[in-house]
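Reading the structure
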Amino acid sequence: MSLKCLITSRSFGNINDEPYAVLRNAGYEYLKIGADFSQEEFEKIVPDYDAAIIGVHPFPSDVLAKCHKLRIIAKNGVGLDNIPLEQCKKQGIAVTNTPGTNSNAVADLTFALMLNVARNVKLTNMNIAKGNVKPVMGNDVCFKTLGLLGFGAIAKCVARRASGFGMKILAYDPFIKELPEEFRTYVKLCSFSEVTENCDYLSVHMPLTDETKNMISATQLAKMKKGTVIINTARGGIVNEKDLYDAIISGHIYGAGIDCVENEPPSADNPLYSLDTVIITPHIGMYSKEAINAVGLMCAKNCAAIVTGEELVNQVC
């Protein structure tokens, strides 16, 4: 009997057939329900599968408990907050993710959002479509101070780009005690408050955990420099959206570029949409052709490796 792989990631295999070929060669039959994904359908059918390649949707603990055949969950991305890791350990289910494969893509989007907010690209584009060609004053990015919350693979790529803009770079990461040699000349490790209170642009690159949820809320926003721009390409919920809205309305925070909101997909009635200096994109950070293919290929190879007994790449449990 063939092995079965369930694919719920919308982007898996969209660039070419290579990830699917890896699954076929490993003996898998597969079903992709990414484009017309239904949480109800997923929960109903996943217990029948040996492997799952999933996106950002929830994998409830009570559903996982029914998955007696499941050997591996390959996260088509980095964040693991939608997977009950402790229960996976108890059931002997391997979990992998794909750090590093999408780092450049997310870093590019981070800078795109930063520049877009700073120079009012969204606002002036909408204005000119209405026949309003009046200039809108923006802010420089070059030679300003960039604060990074988290200094993993993506944040490192952002730092490299910021260095080219002559930015002063402050980084906070509780798990890093010493910077890699490459960054010691232009990045400074600081405390959380030193980063948030001294930057002109704050970019979030941390996972969503109990510790990071609402890490940026009214208290922290009030202590930031007037005119700070917030960029979040990590996870919704780290930045409190109501408090961010209030801080921008008050004029204390200039604006924000957000690729991830607390409740995804983004709701059209999110009040942040109404603000001229806020840009919201639908979690597209990894959506470059190069990154999408690399992520899918890594997931497929891990699903194959669980069959052959080869070492898994980026196994987290």
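Here is what the cut-offs are and how they apply
- Residues numbered from 1 in each chain as written.
- Predicted model: local features only at pLDDT ≥ 70, side-chain atom pairs only at ≥ 80, totals over all residues.
- Heavy atoms only, no water.
- Helix = DSSP H or I, 4+ residues; strand = E, 2+ residues; numbered from the N terminus.
- Rg over C-alpha atoms; globule rule 2.2 N^0.38 Å.
- Buried < 20%, exposed > 50% of the residue type's maximum accessible area, 1.4 Å probe, protein only.
- Contact = heavy atoms within 4.5 Å.
- Areas by Shrake-Rupley, 256 points an atom, 1.4 Å probe, with all protein chains shown as cover.
- Lys, Arg positive; Asp, Glu negative; His and termini not counted.
- Charge placed at Lys NZ, Arg CZ, Asp CG, Glu CD.
- Polar contact = N/O pair within 3.5 Å; in protein donor to acceptor, adjacent residues only side chain to side chain.
- Expected span 1.5 Å × (residues − 1).
- Salt bridge = Lys/Arg side-chain N within 4 Å of Asp/Glu carboxyl O.
- Axes fitted to C-alpha atoms, helices over the stretch in contact; angles between N-to-C directions.
- Parallel < 35°, antiparallel > 145°, perpendicular 65-115°, else oblique.
- Left-handed = near helix turned anticlockwise from the far one by under 90°.
- Pairing = 2+ DSSP bridges.
- Right-handed = clockwise from strand over helix to strand, strands pointing away.
- 1 Å grid on protein atoms, 1.4 Å probe; cavity = no way out; pocket = protein on both sides within 12 Å on 5 of 7 lines; lining within 4 Å.
- Points joined across faces, edges and corners; volume = space filled by probe spheres on them.
- Nonpolar A, V, L, I, M, F, W, Y, C, P; charged D, E, K, R; others polar.

Helices and strands together make up the secondary structure of the chain, namely eleven helices and twelve strands. Here the C-alpha radius of gyration of the chain, 21 Å, is about what a compact globule of 317 residues would show, namely 20 Å. Expressed along its principal axes, the backbone C-alpha trace of the chain runs to roughly 65 × 50 × 35 Å. The burial tally for the chain puts 52% of its 317 residues in the buried class. In the chain, 62% of the contacts between residues at least 6 apart in sequence involve partners at least 24 apart. Counting only carbon and sulfur atoms, one obtains 53% of the accessible surface of the chain, whose full area is about 15,000 Å². The positive charge centre, built from 31 side chains, and the negative charge centre, built from 34, are 4 Å apart in the chain.

The next thing to look at is the side chain of Asn 232. Residue position: Asn 232 is located in strand β10 (residues 228-232). For Asn 232, a relative accessible area of 4% translates into the label buried. Of the polar contacts made by the side chain of Asn 232, one reaches the backbone nitrogen of Ala 234; its length is 2.9 Å.

Attention now goes to helix α7 (residues 153-164). Along an α-helix, residues three or four apart share an orientation, since each turn contains 3.6 residues. The end-to-end C-alpha distance of α7 is 18 Å, a good match for the 16 Å that twelve residues give at a rise of 1.5 Å each. Regarding α7, the residues found buried are Ile 154, Ala 155, Lys 156, Cys 157, Val 158, Ala 159 and Ala 162. Buried residues along α7 sit in contact with α5 (103-118), β6 (145-149), β7 (168-172) and β8 (187-189). Remark: Gly 166 follows α7 within two positions and exhibits a positive phi of approximately 70 degrees.

A separate point is the pattern of salt bridges. In the structure shown here, the tally under the stated rule is nine salt bridges. Salt-bridge contacts for Arg 24 lead to Asp 17; the nearest nitrogen and oxygen are separated by 2.5 Å. Its relative accessible area of 39% is what places Asp 17 among the partly exposed residues. When the shortest N-O distance is used, the salt bridge between Arg 161 and Asp 108 registers 2.9 Å. Here Arg 161, found in helix α7, pairs with Asp 108, found in helix α5; they are 53 residues apart in sequence, far enough to count as distant.

In this section: the packing of α5 against α7. With their axes 8 Å apart at the nearest point, α5 and α7 run at an angle of 50 degrees to one another. Between α5 and α7, the interaxial angle falls into the category oblique. The two elements α5 and α7 cross, and the hand of that crossing is right-handed. Along the contact surface, α5 presents Ser 103, Asn 104, Val 106, Ala 107, Asp 108, Thr 110 and Phe 111, while α7 presents Ala 153, Ile 154, Cys 157, Val 158, Arg 161 and Ala 162.

The pairing of strand β1 (residues 3-7) with strand β2 (residues 28-32) spans five bridges and is parallel. Each bridged residue has a counterpart across the sheet, and for Lys 4 the counterpart in β2 is Glu 29. One crossover worth recording links β1 to the parallel β2 by way of helix α1 (residues 18-25), and it is right-handed.

Our next topic: the pairing of β1. Taken together, the three bridges between β1 and strand β3 (residues 51-54) define a ladder with parallel strand orientation. Directly across from Leu 6, in β3, lies its bridge partner Ala 52.

Moving on, we get to the sheet that holds strand β5 (residues 94-96). Sheet strands pair via backbone hydrogen bonds, and the direction of the pair is either parallel or antiparallel. Sheet architecture is open: five strands sit in the order β2-β1-β3-β4-β5, paired in parallel fashion. This sheet does not close on itself; its edge strands, each paired only once, are β2 and β5. Here the strands of the sheet are splayed against their neighbours by 15 degrees on average, with no regard to which way each runs. Pairing geometry for β3 and strand β4 (residues 72-75), over four bridges, is parallel. When the sheet's bridge partners are listed, Ile 53 is paired in β4 with Ala 74. Here α1 sits on the sheet and contacts β1, β2 and β3; the angle it forms with β2, its principal contact strand, is near 140 degrees. Its contacts with the sheet put helix α11 (residues 289-308) on β1, β2, β3, β4 and β5, and the angle it makes with β4 is roughly 165 degrees.

To continue, consider empty space enclosed by the protein. Throughout the structure, instances matching the rule amount to two cavities of 30 Å³ or more. When its volume is computed, the largest cavity comes out at roughly 50 Å³. Around the largest cavity, the lining residues are Asn 232, Arg 235, Gly 236, Gly 237, Ile 238, Val 239, Glu 241, Leu 244, Ile 258, Cys 260, Val 261 and Glu 262. Looking at side-chain class alone, the lining of the largest cavity contains six nonpolar, three polar and three charged residues. Elements represented by at least two residues in the lining of the second largest cavity include exactly α5, α6 (121-129) and β12 (278-280). By residue number, the principal contributor to the lining of the second largest cavity is α6, which donates three residues. Here the lining of the second largest cavity is built from residues that sort into five nonpolar, three polar and two charged.

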